[in-house]
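Spelled out, the chains give:
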Amino acid sequence: MKLKIKTGDTVRIIAGDHKGTEGKVVSVDREKNKAIVEGANMVSKHEKPSANNPQGGIVKKEAPLHISNLSLIDPKSGETTRVGYEVRDGKKVRFSKKSNEVI
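As recorded in an unreviewed UniProt entry, the chain goes by Large ribosomal subunit protein uL24 and comes from Cellulophaga geojensis KL-A. Taken from UniProt, the Sequence similarities (unreviewed entry) comment for the chain reads in full: "Belongs to the universal ribosomal protein uL24 family." Under the UniProt heading Subunit (unreviewed entry), the note attached to the chain is "Part of the 50S ribosomal subunit."

What follows is the structure, given as C-alpha cells:
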C-alpha cells in the first residue's frame, strides 16, 4: 500500500475518538501503516524508574493511529484533501487534488 502521508505533514483525524483533531505527523511506521500525530491520541503509560527517567511514574505519550484515519490538510485552503502523484518538470511530486498545488 502506498503511504501518501509523510513525516512533517499537517493532518486531521477523520475517524475514532480523536476525530477533528489536527496536528503534525511526528513519525510514520510503513510496515504497520501507522503514524504518530503530535498532541493527538495521548495515552497514559506507567514507566519503571531507569537511568533516563529516575523518577519513573505515569507518563503521557502519543499512541500511533492507522493511516486510514488521517487526512492531509491542504496548505493553501486549510481543508482536507486527497493526495496524487504525477511527474512535473521531470520530477515526481505530490499534489493536492482539491487545489492542484504541489505539496
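Overview of the pattern of salt bridges
Once their charged atoms are close, side chains differing in charge can pair, the charge on each being opposite to the other. One pass over the full model with this rule turns up 5 salt bridges. Across the salt bridge formed by Glu-22 and Arg-12, the nearest N and O atoms sit 2.4 Å from each other. Of this pair, Glu-22 sits in strand 2 (residues 22-29) while Arg-12 sits in strand 1 (residues 10-13), placing them 10 residues apart in sequence. Look at Glu-22 and you get partly exposed, because its relative accessible area is 43%. Classification of Arg-12 as partly exposed rests on a relative accessible area of 21%.

Quick notes on the rules
- Residues numbered from 1 in each chain as written.
- Predicted model: local features only at pLDDT ≥ 70, side-chain atom pairs only at ≥ 80, totals over all residues.
- Heavy atoms only, no water.
- UniProt positions renumbered as here; feature names shortened; annotations may be inferred.
- Salt bridge = Lys/Arg side-chain N within 4 Å of Asp/Glu carboxyl O.
- Helix = DSSP H or I, 4+ residues; strand = E, 2+ residues; numbered from the N terminus.
- Buried < 20%, exposed > 50% of the residue type's maximum accessible area, 1.4 Å probe, protein only.

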